[in-house]
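Notes for the structure review
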Amino acid sequence: MRMYDIILAKRQGKELTNEEIDFFIKGYTEGTIPDYQASALLMAIFLKDMTEREIVEMTRAMMDSGDKIDLSAIEGFKADKHSTGGVGDKTSLVIAPLVASFGVPMAKMSGRGLGHTGGTVDKLESIPGFSTELSKEDFFHQVAQIGLSIISQTTNIAPADKKLYALRDVTATIDHPAMIASSIMSKKLAAGSDGIMLDVKVGDGAFLKTLDEAKQVAKLMVMIGEGMNKPTRAILTNMDQPLGFTVGNSLEVEEARATLKGQGPKDLSELCLELSAGILVMAQKFTDPVTAYQALRDKITSGQALQKFDEWIKAQGGTGYEFKAPLFSQDVILNKEGYISRIQAQAIGEIASLLGAGRLTMEDSIDPSAGIRLYKKVGDPAGGRIATLYTDNEQVLVEAETRLLEAFEVTPQAPRQLPLIYGFVHQADEDIVFERYEKGEKS
Ligand code: URA
């Protein structure tokens, strides 16, 4: 088999065989296929697309290129949840104990943040004493004992995707729905869960900017998961403003815990309940998400969800989760009249990084207490205190304040309310369908 012929076939719009796809993924991972040939094939795929069979095979080959986690020693339906990346997205911290409080184990590996989005591992590590580096034995033991654990991903998951992602980044082939879907799913499928709940973010602060794009990627991801016999669902959610009111590691832990007490922001609470309901339906704890949603609410009201969170933090060595303010804090005041029409999520994420909450390269260290507390949502009257900035680095405060004020857009009239949840993608009989979210059906 020659790489030249594979490139030519795709350039001519032909469907590649499974053997050709495996040859490419294996050869590229091992370094026998050079970047210039891989780039040519990526561009041909970008222009001519792939069939569903090709997409599933590409995903399978990337998944098989590295380690695969075997969670079969843990009893029960092991659920995983993945967000395509947002600002202020602390949903995993809420969902893991909520779902575990129903006896559905959450054995999850998470990553660190890079760029304007944060990572669950960084948030957890902001808790004094919390360890995300458990041995495999301790990880399994903890899940058996208390039903959940989240650790940092140290194993070599889907190395083919890692290499190809870097190549796509420099060859203008990132934004291709099939390649995005197979890239994400290759890693999720290698992580060994029995079902996958995807939170596909749409909007300014997200990787996918439009609903159409997000729908397409979500449908492909569900198709791939279901095609490999892993129940998979997706929820399409708004990222045109940060989720909740906090961005920054320790601040987000505090907000997640408040949410488990029933005192969290409305958007964060609603999204966590919807994602958890989807997981409980996949795990067959409930037959429909509406009943699951109500049962989840009851777990919060009864204090059981909070109890599970505290049990989890203690089991991984955490000793306290109150937010400890860093050396410098500063309120930001907006002197404008009208209504907040937009809070640029990506800019807010970048400002939090500037304050020390995020990193630009994987080698950078982060400041657990740095971040931003927001006081407004889109639709609120403008004017007054909009945020408090927290940092140990006084020198960045002026720039952070200027950029934060620029990230808040104001109009004279109240803007149209943004939907938090656009809808769901799931398999219904043979089809993958998008179902619009009907607001208010749960209350
Ligand atoms: N995230 C990924 O992991 N892969 C993509 O291609 C895009 C976003």
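Structure shown above.
Brief notes about the overall build of the protein
Regarding its fold elements, the protein presents 16 helices and 13 strands. Here the C-alpha radius of gyration of the protein, 22 Å, is about what a compact globule of 443 residues would show, namely 22 Å. With the C-alpha coordinates of the protein rotated into their principal frame, the extents come out at 65 × 45 × 40 Å. Counting all 443 residues of the protein, 57% fall into the buried class. Counted over contacts in the protein with a minimum sequence separation of 6, partners at least 24 positions apart contribute 78%. In the form shown here, the protein has an accessible surface area of approximately 18800 Å², with 49% of it arising from carbon and sulfur atoms. Of the side-chain charges in the protein, 48 are positive and 62 negative, and the distance between the mean point of each set is 2 Å.

Thoughts on empty space enclosed by the protein
Summed over the entire model, instances satisfying the criterion amount to three cavities of 30 Å³ or more. In this model, the largest cavity occupies a volume close to 120 Å³. Lining the largest cavity are 16 residues, with Thr117, Gly118, Val247, Ala352 and Ala357 sitting closest to its centre. Mapped onto the lining of the largest cavity, the elements with two or more residues apiece are α11 (249-260) and α15 (345-355). Among the elements that make up the lining of the largest cavity, the one with the highest residue count is α15 (three residues). Within the lining of the largest cavity, the residues separate by chemical class into four nonpolar, ten polar and two charged. For the lining of the largest cavity, the domains that each give at least three residues are domain 2 (79-320 + 420-436) and domain 3 (328-411).

Thoughts on the site of the ligand
Surveying the vicinity of the ligand reveals the residues Tyr165, Arg168, Ile180, Ser183, Ile184, Lys187 and Phe207. Arg168 is positioned such that a nitrogen or oxygen atom in its side chain is 2.9 Å from an oxygen atom of the ligand. Contacts to the ligand include Lys187, whose side-chain N or O atom sits 2.4 Å from an oxygen atom. In the complex, 84% of the free accessible area of the ligand, which totals 240 Å², lies under the protein chains. In a pocket analysis with a 2 Å cut-off to the grid points, the ligand is assigned to the largest pocket.

Details of the pairing of strand β12 (residues 421-428)
Within a regular beta strand, the side chains point alternately toward one face of the sheet and then the other, so they alternate between its two faces. Summarising burial for β12: six of the eight residues are buried, a large majority. When strand β5 (residues 232-238) meets β12, the two strands line up antiparallel, connected through four bridges. Paired with Ala234 across the two strands is Val425, which belongs to β12. Judged from the six bridges that link them, β12 and strand β13 (residues 431-436) form a sheet pairing that is antiparallel. When the bridges of β13 are listed, Ala428 appears paired with Asp431.

Brief notes about the side chain of Arg359
Within the fold, Arg359 resides in the loop between α15 and β9 (371-374). Under the relative-accessibility criterion, Arg359 is labelled buried at 5%. A polar side-chain atom of Arg359 sits 3.0 Å from a polar atom in the side chain of Asp122. What Arg359 contacts, discounting residues up to four positions off in sequence, is Arg112, Gly113, Leu114, Gly115, Asp122, Ser353, Asp364 and Ile366.

Regarding the sheet that holds strand β10 (residues 384-391)
One open sheet holds the four strands; their spatial order is β6-β9-β10-β7, and the pairing between them is antiparallel. Two strands bound the open sheet, and with one partner strand each, they are β6 (246-247) and β7 (328-334). Where β7 and β10 come together, seven bridges link them in antiparallel fashion. Across the sheet, residue Ser329 finds its bridge partner in β10, namely Tyr390. Contacts between helix α16 (residues 397-407) and the sheet are confined to β7, β9 and β10, with β7 contributing the most and set at about 30 degrees to the helix.

A look at the packing of α15 against α16
Put simply, α15 and α16 touch, their axes get as near as 10 Å, and they point 170 degrees apart. With respect to their mutual orientation, α15 and α16 come out roughly antiparallel. Contacts between α15 and α16 pair Ala347, Ile348, Glu350, Ile351, Leu354 and Leu355 from the former with Leu397, Glu399, Ala400, Arg403, Leu404 and Ala407 from the latter. Of the residues that constitute the contact of α15 with α16, the class distribution is nine nonpolar, no polar and three charged.

Calculation criteria
- Residues numbered from 1 in each chain as written.
- Predicted model: local features only at pLDDT ≥ 70, side-chain atom pairs only at ≥ 80, totals over all residues.
- Heavy atoms only, no water.
- Helix = DSSP H or I, 4+ residues; strand = E, 2+ residues; numbered from the N terminus.
- Rg over C-alpha atoms; globule rule 2.2 N^0.38 Å.
- Buried < 20%, exposed > 50% of the residue type's maximum accessible area, 1.4 Å probe, protein only.
- Contact = heavy atoms within 4.5 Å.
- Areas by Shrake-Rupley, 256 points an atom, 1.4 Å probe, with all protein chains shown as cover.
- Lys, Arg positive; Asp, Glu negative; His and termini not counted.
- Charge placed at Lys NZ, Arg CZ, Asp CG, Glu CD.
- 1 Å grid on protein atoms, 1.4 Å probe; cavity = no way out; pocket = protein on both sides within 12 Å on 5 of 7 lines; lining within 4 Å.
- Points joined across faces, edges and corners; volume = space filled by probe spheres on them.
- Nonpolar A, V, L, I, M, F, W, Y, C, P; charged D, E, K, R; others polar.
- Domains from an automatic or database assignment.
- Near = heavy atom within 4 Å.
- Polar contact = N/O pair within 3.5 Å; in protein donor to acceptor, adjacent residues only side chain to side chain.
- Sits in = over half its atoms within 2 Å of the grid points.
- Pairing = 2+ DSSP bridges.
- Axes fitted to C-alpha atoms, helices over the stretch in contact; angles between N-to-C directions.
- Parallel < 35°, antiparallel > 145°, perpendicular 65-115°, else oblique.

Bear in mind that shape data such as this cannot, by itself, settle questions of function.
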